[in-house]
Amino acid sequence: MKNLILCLFLSGAVSRSGAVSTVALDSPSPLVKIKIMVKAGSAQDPKGLEGAAALTGFLAIQGNSGDPARPLTKERLAEITRPWGSGAYPTVSVSKETTVFSFTIPREALSQYLDQVLAPLMTKPLFDAKELDRVRQEFLQSLRSDLRFQQIENLGLVALDNYIYEGTPYAHPDMGTEAGLKTVDRYGLMRFYRTYYRPENVVIGLSIQDSGLKARLEKIAVGMGEAEAGPFPAEPAAVPAPVSGRQVLVVGLPNAISTGIHAGFPLPLTRKDEDFWPLYVGNVWFGTHRDSFSHLYQVVREERGYNYGDYSYIEHFEGRPANLFPPFNTPRRSQCFSVWVRPVGHAYAGHILRAITWELENFIRRGMSEEECALAKNKAKVLYLSLAETADRMLASRLDDEFYGMSPGYLPGYLSRIEAVKCSEVNAAIKKYLQARDLKYLIVTHSAQAPKIIEQIVSDAPVWGKTPADYQIDVKEEDGRKLYLVPEPKLDILRRDALWADYSLGISRDRARVVPAEKMFEISDLPR
């Protein structure tokens with residue numbers, strides 16, 4: 001029965017009415033899901049107004065809309081939608097290149113909902129100045145306090161994005177920078193809405209086939225973008241400069257109890273490229289997110305117990321560490337390869353940095369065996385069950401297909417593409433796209449530990465991690481010498497540890513710097 005439902009969902013069609021694109025599934029659910037994707041996000045924030053995209057999206061819902069004399073406030077919105085369940089209250093997510101509004105409505109309430117809620121939000125946002133100040137303060141609080149000092153793992157993930165895309169429109173948090181958020185005013189939001197909330201920039205997603213509903217939504221979309229404000233000039237695409245050699249940015253925190261490690265470099269492909277699929281299979285083997293199947297997880301956590309997990313990515317993965325599976329609706333025209341080592345003890349940071357670099361280099365050098373490829377392909381197929389688990393995910397993926405111009409789409413073509421991948425193609429893609437020579441490392445650690453970690457990074461001397469005692473290896477004294485009684489299964493661990501310890505990163509001191517966390521995200525440029 002589950003397979004039947006999947007087939008019904010995935011048989012959905014794409015249509016275009018004038019400038020508006022619509023994707024529609026065929027869900028039997030009594031609840032209808034509607035998504036409206038605006039193909040503009042934080043990468044379109046004008047220079048100096050970083051935060052405009054996020055504020056525009058949130059104020060479209062919470063900043064009053066409709067008739068100025070009797071506006072649809074957030075309180076009225078809650079009152080109207082309450083009888084239809086919590087899903088009826090609109091939500092919005094803003095990522096680098098898209099803003100997506102989501103609505104869940106009982107079928108019998110659709111007409112009323114479109115008139116009273118969806119149409120005024122999308123076509124007549126008022127961007128109330130008082131609400132703007134309130135949301136702005138919430139964003140600033142989240143940036144200054146939560147992201148910088150309380151969400152240490154998120155700090156590293158967002159900071160790596162800034163570091164890899166330094167100098168491009170991707171190089172700031174989606175919620176904006178401190179300076180940008182302070183500067184954006186109501187007129188700036190109107191200009192952003194006028195510039196990007198245009199029908200030709202909108203994709204509508206529907207979970208049901210209903211020509212009448214589709215026509216009404218497309219009519220609403222045609223009415224979007226009207227505002228008494230001039231448009232912004234178009235922002236250039238985010239094209240990061242190639243990374244040359246290895247370099248390190250250490251973010252120092254006054255309260256970090258452990259050290260997070262990240263590394264990455266830009267990738268010249270996205271999921272619409274043919275080479276994506278063999279590289280995807282290779283990455284499933286090397287570093288699948290939050291899964292004990294992967295190689296990195298096995299050698300760092302499972303065999304040695306350094307931390308909670310170790311992963312690699314060939315696409316941006318929004319919502320880590322909470323999300324187990326990659327969410328949709330955060331598509332990017334520019335992707336990067338990255339490695340995320342969840343926090344380890346400060347004393348082990350230098351050793352683990354060498355370890356992941358050695359493992360990446362070794363992975364590229366040796367490639368994958370036929371058996372490893374078969375296991376990775378099977379794992380990829382298992383992951384599909386979670387990727388396509390809900391109607392919401394399937395609808396969201398169809399919007400992304402429109403963004404990328406994929407046909408067949410990501411989920412409809414997923415299993416056949418995985419099945420068609422040959423191991424020779426996996427190894428060719430690994431050698432073509434992955435490398436360990438030109439890397440940016442991002443480390444988040446305690447401020448007092450930063451100089452010590454820098455010394456370990458630039459040193460050519462061995463940097464050791466755990467000791468035989470940490471591995472519970474017995475030792476005895478004999479003729480004044482220590483003899484370690486190493487069990488056979490642990491010999492390989494110690495041999496690999498020695499390779500990691502002796503591996504020189506070849507990073508000179510002038511390519512490693514420390515910045516305080518409180519200076520991060522003040523502006524788009526990284527602190528100097």
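Computed from a prediction, not measured in an experiment: that's the story for all the values here. (Residues numbered from 1 in each chain as written. Predicted model: local features only at pLDDT ≥ 70, side-chain atom pairs only at ≥ 80, totals over all residues. Heavy atoms only, no water.)

(A) Main features of the packing of helix H10 (residues 276-287) against helix H16 (residues 423-433). At a minimum axis separation of 8 Å, H10 and H16 run at an interaxial angle of 90 degrees. With respect to H16, the axis of H10 lies roughly perpendicular. The residues of H16 that touch H10, namely those facing Pro278, Leu279, Val281 and Gly282, are Glu425, Val426, Ala429, Ile430 and Tyr433. Tallied by class, the residues present in the contact of H10 with H16 amount to seven nonpolar, one polar and one charged. (Axes fitted to C-alpha atoms, helices over the stretch in contact; angles between N-to-C directions. Helix = DSSP H or I, 4+ residues; strand = E, 2+ residues; numbered from the N terminus. Parallel < 35°, antiparallel > 145°, perpendicular 65-115°, else oblique. Contact = heavy atoms within 4.5 Å. Nonpolar A, V, L, I, M, F, W, Y, C, P; charged D, E, K, R; others polar.)

(B) How the structure looks around the packing of helix H13 (residues 370-387) against helix H15 (residues 410-420). Two elements in contact, H13 and H15, have axes separated by 9 Å at closest approach and are oriented at 165 degrees. One element, H13, and the other, H15, form an angle in the roughly antiparallel class. Crossing angle aside, the handedness with which H13 passes H15 is left-handed. From H13, Lys377, Ala380, Lys381, Leu383, Tyr384 and Leu387 reach across to H15, where they touch Tyr410, Leu411, Tyr414, Leu415, Ile418 and Glu419. The class makeup of the residues in the contact of H13 with H15 is nine nonpolar, no polar and three charged. (Left-handed = near helix turned anticlockwise from the far one by under 90°.)

(C) Focus on helix H11 (residues 295-302). For H11, the full list of buried residues reads His295, Leu296, Tyr297, Val299 and Val300. Lining the buried residues of H11 we find H10, strand E9 (310-313), strand E10 (335-344), helix H12 (349-366) and helix H18 (488-502). Sitting at the amino-terminal end of H11 is Ser294, which places a side-chain oxygen 3.3 Å from the backbone nitrogen of Tyr297. (Buried < 20%, exposed > 50% of the residue type's maximum accessible area, 1.4 Å probe, protein only. Polar contact = N/O pair within 3.5 Å; in protein donor to acceptor, adjacent residues only side chain to side chain.)

(D) Just empty space enclosed by the protein, in detail. Taken as a whole and assessed by the stated rule, the structure comprises three cavities of 30 Å³ or more. Considered as a void within the structure, the largest cavity measures approximately 50 Å³ in volume. Lining the largest cavity are Ala263, Gly264, Phe337, Val339, Ile356, Thr357, Leu360, Leu439 and Tyr441. Elements that contribute at least two residues to the lining of the largest cavity include exactly strand E8 (259-267), E10, H12 and strand E11 (439-446). Among the elements that take part in the lining of the largest cavity, H12 stands out by supplying three residues, more than any other. (1 Å grid on protein atoms, 1.4 Å probe; cavity = no way out; pocket = protein on both sides within 12 Å on 5 of 7 lines; lining within 4 Å. Points joined across faces, edges and corners; volume = space filled by probe spheres on them.)

(E) Fine view of helix H2 (residues 52-62). Judged by how many residues are buried, H2 sits mostly within the fold: nine of eleven residues are covered. Those residues of H2 that sit buried are Ala52, Ala53, Ala54, Leu55, Thr56, Gly57, Leu59, Ala60 and Ile61. Asn64 sits one or two positions beyond H2 and adopts a positive phi of about 70 degrees.

(F) Structural context of the sheet that holds E10. The strand order E9-E10-E8-E11-E7-E14 describes an open sheet built from six strands, whose pairing is mixed. Pairing within the sheet leaves two strands with one partner each, and these edge strands are E9 and strand E14 (512-516). On average, each strand axis in the sheet is inclined to that of its neighbour by 15 degrees, with strand direction left out of account. Bridge analysis of E8 against E11 gives five bridges, and the strand direction is antiparallel. Counterpart to Gly260 in the pairing with E11 is Val444. (Pairing = 2+ DSSP bridges.)

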